[in-house]
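Understanding the architecture of this molecule
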Amino acid sequence: MSLPQEGKRNMLLTSALPYVNNVPHLGNIIGCVLSADVFARYGRLRGWNLLYICGTDEYGTATENKAREEGLTPQEICDKYHAIHADIYKWFQIDFDFFGRTTTKQQTEIAQDIFWRLHERGFLLEDTVEQLRCESCQRFLADRFVEGECPHCRYPEARGDQCDKCGRLINAVELRNPQCKVCKETPVIRSSKHLFLNLPKLEDELEQWLDKSTSSGDWTVNARHITRSWIRDGLKPRCITRDLQWGTPVPHEDYKEKVFYVWFDAPIGYLSITANYTDQWEKWWKNPQQVELYNFMAKDNVPFHSVVFPCSLLGAQDNYTLVNHLIATEYLNYEDTKFSKSRGVGVFGDMAKDTGIPSDVWRFYLLYLRPEGQDSAFSWSDMALKNNSELLNNLGNFINRAGMFVSKFFDGCVPEMLLNEDDKRLIAQVRWELKQYIQLLDKVRIRDALKCILSISRHGNQYMQLNEPWKKIKGGDGDRQRAGTVTGVSVNVACLLSAVLEPYMPSVSHTIRQQLQAPHTCVSAILQNTGTFICTLPAGHRISAVSPLFQKLENEQIEVLRKRFGGQQVCKRHSSIITRGSPAETMKMCFPERAKQLTALVAEQGNKLRGLKAQKADKSVIDDEVEKLLQLKKQLSLAEGKNPEPAAQKGKKK
């Protein structure tokens, strides 16, 4: 049971609680749980005292709606989808300390306690709200139970809280031609009394806290920007109650028919989930002097974590732990569109394991394109390219060669190492990348730190190519000694790579250490050494049998997957809907914006290749870059709606 410790760096990590009513897609996974998991694994290796909690957000209209659709009770929906979420995260190797849920006794107790503290201190307001009511269903229609035309962009299927097309927030009574989603009748406008959190009254205190937190903590640029825009526009009271049955009951006599609005209730789930993990939860959540709080989320969740929830805790005046580091990603899209379960577009968490691609490869690729400064897009052809170039030809090639040389030329024992200037140069390069990696991950720069890992193996490959131990082993004693040094240094770099890979690709990291018979302490020893490259496999150390770590992703395999997850796409050139199917159908697809980007990338890669040839670079390096250029050209052909494969030559007539 993890609790804060005196004299330690105590870190509390949360991922934005996923809605229980749906299956998370790749964008949800990278935005919240996978990013936090990498940092949690890294923090534990650094020796920090760390607790990582998450769970399903189970109350509110979305759950009621799903229950109605599936003919189940809200509790049955929660039980069903909580298990689905837990299984998906387990397959992705998300290593929570505790994965809970919000439909618990502790949630009710803590939420109601915060409510009463806000009420007693005068931070709640009462007001009458105009709402849509369905006379046929005899109920007020919460946001997700009503649909109509967006007042801003005229999209016909806007919800009562937001338009999915233009993204604007909507008050349900603003919808044109509203319809009850249950019975399709037209609702009427009626008044209902509600309670509001008086945000303007808390604004000064919030500003003081924000100045301190954003100046001393690691807040992403988008988190700072979104928060400042909310403050700049002036805070307004926010309704905290809802006319629903499924939710945490409001414990006030005048509001006993209502529940808490999910945005007020859901972040309190962090506290109640921790309370389900330990009855000493207050040592984490009412201990700002000792605990650093990290929140991980996608950008749409920022205002609730930087403004609304902190105001609830500040107003409760109970020494709550407030967020120190707010880590928000942009959005991950799917190919040239958005993920859509209903249209069958995109990979959802429960489908990833059916592709035959290992979870570590999924983790690697999602972290490689983690949307940090701007939105990014998942692409099948790019996934294959990164797997085949970065994992197979770069990382896997180096680690496998290093181990193979120990087995083949030195009977499985690490040879003696007598360092010369070449070796010292490599060690200096590796040390610099390791220091960069630690500095970046300390600041939660997850994607950039991954590039340092790939740079280390790239340096290793170049070092082996330059020194050619496979040739020197056949020479005299001096040459054999040199081959031994190069092999010994290389296998130690491979061991270091297993350590820095652990937060990103835990299974691969474990496999490398098994093959190298590396000591259990080597990972923490390397990462707690603040960038010193230590020799963890000394001369005489015996390694085990080595085998390849990665498999090539073939074009045929990728095309099958692209077709399977493509759903229906609108071709911008022809304005027609095509179901992705055969290669001939795929050729009809065209994506002008993507084609424009790829044209620039092809030109850039061509220039790079010409430069390498002019420098007379090693053949294997040139071959890698040629392969990248060919892959980019194929992607460009697809984006332009052309056949990426050259036409088969017709046989000559005899």
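Only a predicted model underlies this, so the values are computations on that prediction, with no experimental measurement involved.

Procedures and definitions
Residues numbered from 1 in each chain as written. Predicted model: local features only at pLDDT ≥ 70, side-chain atom pairs only at ≥ 80, totals over all residues. Heavy atoms only, no water. Helix = DSSP H or I, 4+ residues; strand = E, 2+ residues; numbered from the N terminus. Buried < 20%, exposed > 50% of the residue type's maximum accessible area, 1.4 Å probe, protein only. Contact = heavy atoms within 4.5 Å. Pairing = 2+ DSSP bridges. Axes fitted to C-alpha atoms, helices over the stretch in contact; angles between N-to-C directions. Core = buried A, V, L, I, M, F, W, Y, C linked by side-chain atoms within 4.5 Å. Domains from an automatic or database assignment. Salt bridge = Lys/Arg side-chain N within 4 Å of Asp/Glu carboxyl O. Expected span 1.5 Å × (residues − 1). Arc of directions from axis to C-beta. Polar contact = N/O pair within 3.5 Å; in protein donor to acceptor, adjacent residues only side chain to side chain. Right-handed = clockwise from strand over helix to strand, strands pointing away. Phe/Tyr/Trp six-rings, centres within 6.5 Å; stacked < 30°, edge-to-face > 60°.

Focus on the environment of R168
Of note, R168 is situated in the loop between β7 (158-159) and β8 (176-180). Given a relative accessible area of 45%, R168 falls into the partly exposed group. Residues R168 and H152, spaced 16 residues apart in sequence, show a C-alpha to C-alpha distance of 7.8 Å. If near-sequence neighbours (up to four positions away) are discounted, R168 is found in contact with H152, D161, Q162 and C163.

Overview of the sheet that holds strand β13 (residues 291-298)
Ordered by their spatial adjacency, five strands build an open sheet running β3-β2-β1-β13-β14, and the pairing between neighbours is parallel. Since the sheet does not close on itself, it has two edges, and those belong to β3 (98-101) and β14 (325-329), each with one partner. Taken over all neighbouring pairs, the strand axes of this sheet differ in orientation by 20° on average, direction set aside. Those strands touched by helix α3 (residues 74-91) are β2 (49-56) and β3, and its axis lies near 160° from that of β3.

Section: the nonpolar core
Counting residues in hydrophobic clusters, the biggest one holds 175 residues, and the most contacted among them are I114, W362, W380, Y437 and Y504. Each of two domains, domain 1 (10-121 + 205-228 + 263-329) and domain 2 (392-542), supplies a minimum of three residues to this core. Excluding its chain neighbours within four sequence positions, the residues that come into contact with I114 are F264, I268, L271, S312, L313, A316 and Y320. By size, the runner-up hydrophobic cluster in this structure holds 15 residues, among which are A142, F145, C163 and I170.

Remarks on the pattern of salt bridges
Under the defined criterion, the tally for this structure stands at 38 salt bridges. Residues D95 and R44 are paired through a salt bridge, measuring 3.4 Å at the closest nitrogen-oxygen approach. Taken together, the positions of D95 in the loop between α3 and β3 and R44 in helix α1 (residues 26-45) put the pair 51 residues apart, joining distant regions of the chain. With relative accessibility at 35%, the residue D95 sits in the partly exposed group. Judged by relative accessible area, R44 falls into the partly exposed class, the value being 27%. Linking D375 and K299 is a salt bridge whose minimum nitrogen-to-oxygen distance equals 3.5 Å. Residue D375 is found in the loop between α12 (359-368) and β16 (376-378), and its partner K299 is found in the loop between β13 and α10 (302-316); the two are separated by 76 residues along the sequence. Among the ionic contacts, a cluster of salt bridges with common partners joins D37, R41, R363, E502 and R513.

Remarks on helix α14 (residues 421-442)
The end-to-end C-alpha distance of α14, which contains 22 residues, comes to 31 Å, matching closely the 32 Å that a straight helix rising 1.5 Å per residue would cover. All of the buried residues in α14 are D423, L426, I427, V430, E433, L434, Y437, I438, L440 and L441. Each buried residue of α14 lies within a common arc of 165° when the element is viewed along its axis, so the set occupies one face. Opposite the buried face of α14, by more than 90 degrees, sit the exposed residues E421, W432 and Q439. The elements touched by buried residues of α14 are α1, α15 (446-467), α17 (477-501) and α19 (522-527). Between the side-chain oxygen at the start of α14 and the backbone nitrogen of D422 there is a gap of 2.9 Å, and the oxygen is on N420. The first or second residue beyond α14 is V444, which carries a positive phi of 60°.

Re helix α20 (residues 555-565)
Three or more residues of α20 are buried, namely I558, L561, R562 and F565. The buried residues of α20 occupy an angular sector of 100° when projected down its axis, which confines them to one face. Facing away from the buried surface of α20 by more than 90 degrees, the exposed residues are E556 and V560. Backbone geometry just downstream of α20 places G567 in the positive-phi region, at approximately 60°.

Describing the environment of G122
Residue placement: G122 occurs in the loop between α4 (105-120) and β4 (124-134). A relative accessible area of 30% means that G122 is categorised as partly exposed. Taking the C-alpha atoms as reference, G122 lies 66 Å from S490; in sequence the two are 368 residues apart.

Observations regarding the domain arrangement of the chain
By domain assignment, the chain separates into domain 1 (10-121 + 205-228 + 263-329), domain 2 (392-542) and domain 3 (593-639). A separation of 28 Å is found between the C-alpha centroids of domain 2 and domain 3.

Concerning unusual backbone geometry
Of note in the backbone geometry, N177 takes a positive phi value of approximately 50° without being a glycine. Within the secondary structure layout, N177 lies in strand β8. Phi at D411 is positive, roughly 55°, even though this residue is not glycine. Note that D411 resides in the loop between α13 (380-409) and α14. What makes D411 exposed here is its relative accessible area of 64%.

Here we look at the sheet that holds strand β9 (residues 188-197)
An order of β5-β4-β9-β10 is seen for the four strands of this open sheet, with the pairing classed as antiparallel. A strand with exactly one partner marks an edge of an open sheet, and here the two such strands are β5 (139-140) and β10 (238-239). Alignment of β9 against β10, held across two bridges, turns out to be antiparallel. Across the sheet, L197 pairs through a bridge with R238, a residue of β10.

Quick look at the side chain of T103
Structurally, T103 is set in the loop between β3 and α4. In this structure T103 comes out as buried when scored by relative accessible area, which is 17%. A polar contact is formed between the side chain of T103 and the side chain of E58, at a distance of 2.5 Å. Here T103 is in contact with E58, Y59, Q75, C78 and W246, once residues within four sequence places are set aside.

So, the pairing of β14
For a regular strand, the rule is simple: side chains alternate between the two faces of the sheet. In terms of burial, β14 is largely enclosed, as five of its five residues are buried. The side-chain alternation of β14 yields two buried faces, one formed by H325, I327 and T329 and the other by L326 and A328. Summarising the sheet, β13 and β14 pair through five bridges and their orientation is parallel. Paired with A298 across the two strands is T329, which belongs to β14. Each parallel crossover has a hand, and for β13 linked through α10 to β14 it is right-handed.

Some words on the packing of aromatic side chains
Scanning the model with the defined rule gives 31 aromatic pairs in all. Seen in terms of ring centroids, W91 and F92 are 5.1 Å apart; in terms of plane orientation they differ by 90°. Their pairing is edge-to-face. With a centroid separation of 5.9 Å and an interplanar angle of 15°, the aromatic rings of W362 and F378 are classed as stacked. One end of the pair, W362, is in helix α12; the other, F378, is in strand β16, with 16 residues separating them in the sequence. Since its relative accessible area comes to 0%, W362 is described here as buried. Grouped by ring-pair contacts, the aromatic residues Y334, F339, F348, W362, Y365, F378, W380 and F565 constitute a single cluster.

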